[in-house]
Amino acid sequence: MSVGGGESLVDGPPANPMLVIISGPSGVGKDTIIEALQKRDHRPLYHYVVTCTTRGRRPGEIEGVSYNFVSVAEFMALRDEGELLEANEVHGNWYGTPRAGVRAALAGGQHAILKIDVQGARVVKGCVPEALLIFVVPPSLDTLVEHLKARRTETAEQLELRQRNAAIELARKDDYDYVVVNEEGHVDVTAERIEEIIEQEERGGARRAVAV
Ligand code: 5GP
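Residues numbered from 1 in each chain as written. Predicted model: local features only at pLDDT ≥ 70, side-chain atom pairs only at ≥ 80, totals over all residues. Heavy atoms only, no water.

Trainee: Mind showing me how you'd approach the site of the ligand here?
Mentor: Taken together, 17 residues form the shell around the ligand, and within it R55, Y67, E86, Y95 and D117 come nearest. Within the side chain of E86, a nitrogen or oxygen atom sits 2.6 Å from a nitrogen atom of the ligand. For the ligand, whose accessible area on its own is 510 Å², the fraction buried by protein is 97%. The cavity where the ligand resides is the largest pocket. For the shell around the ligand, the per-class residue count stands at 4 nonpolar, 5 polar and 8 charged. (Near = heavy atom within 4 Å. Polar contact = N/O pair within 3.5 Å; in protein donor to acceptor, adjacent residues only side chain to side chain. Areas by Shrake-Rupley, 256 points an atom, 1.4 Å probe, with all protein chains shown as cover. 1 Å grid on protein atoms, 1.4 Å probe; cavity = no way out; pocket = protein on both sides within 12 Å on 5 of 7 lines; lining within 4 Å. Sits in = over half its atoms within 2 Å of the grid points. Nonpolar A, V, L, I, M, F, W, Y, C, P; charged D, E, K, R; others polar.)

Trainee: For this particular structure, what's the right way to read the packing of helix α5 (residues 141-151) against helix α6 (residues 156-170)?
Mentor: Each pair of packed helices can be described by the angle between their axes along with the distance between the axes. Put simply, α5 and α6 touch, their axes get as near as 11 Å, and they point 150° apart. As summarised for this structure, α5 and α6 are arranged roughly antiparallel, according to the angle between their axes. With respect to the hand of their crossing, α5 and α6 are arranged in right-handed fashion. Here L141, L144, V145, L148, K149 and R151 of α5 come into contact with α6, specifically with L159, R162, Q163, A166, A167 and L170. For the contact of α5 with α6, the per-class residue count stands at 8 nonpolar, 1 polar and 3 charged. (Axes fitted to C-alpha atoms, helices over the stretch in contact; angles between N-to-C directions. Helix = DSSP H or I, 4+ residues; strand = E, 2+ residues; numbered from the N terminus. Parallel < 35°, antiparallel > 145°, perpendicular 65-115°, else oblique. Left-handed = near helix turned anticlockwise from the far one by under 90°. Contact = heavy atoms within 4.5 Å.)

Trainee: Quick question: what am I supposed to make of the layout of surface pockets here?
Mentor: The probe, sized like a water molecule, is rolled over the atoms to show the empty space still left. Estimated volume of the largest pocket: approximately 1200 Å³. Forming the boundary of the largest pocket are 48 residues, of which K30, D31, T32, Y67 and K115 lie nearest the centre. Going through the elements one at a time, α1 (30-39), β5 (84-90), β6 (93-98), β7 (111-115), α5 and α6 are the ones with two or more residues in the lining of the largest pocket. Partitioning the lining of the largest pocket into residue classes produces 16 nonpolar, 18 polar and 14 charged. (Points joined across faces, edges and corners; volume = space filled by probe spheres on them.)

Here it is as structure tokens:
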């Protein structure tokens, strides 16, 4: 087996560590997809980067695992010190990708997996053009709205904002390298498809992330 020739190693790190962005509108099921990917167990190939947010912690969320929960002042300090690869206000809260988390993953030969919103994805793609952008879409806008309502984590006002943003975000799907439909009840199929895309691009070797 040749190392560095673009072939995937079964047990070792990938030959071409990539920055992989999984994006899509709020409520499309990105968290569930990430969980399904984690169950497929790609250690040590995939590193899921924990991002920062000023949003309040939801029940069940764990500091340092779900997010790094920070105050607005802490967030702004990180941003001003250049610690964030991108920083965006999403649905009224700040979210940002720690540069260090991405760097550490790539330096360790792992694919850095980012689960971020559409605006953040564009910014990252702007500074890391070789990043792989995977856009997850719902089978329909109605399905998405039903999901947002069912999870009951937003106020009526927040829900309305996320619905409006979803329509805008779905219109941007051409900005992505791949579009994957997350069919109702088939999250494993979605995870498998994402895994296939990553493997295919890894073999291609053209997306090796250089510097972030
Ligand atoms: P939620 O509040 O539902 O956890 O996340 C809201 C949106 O922010 C989701 O689309 C999520 O993927 C996105 N998000 C999470 N972390 C980041 C980040 O670091 N940067 C950006 N731009 N979006 C993020």
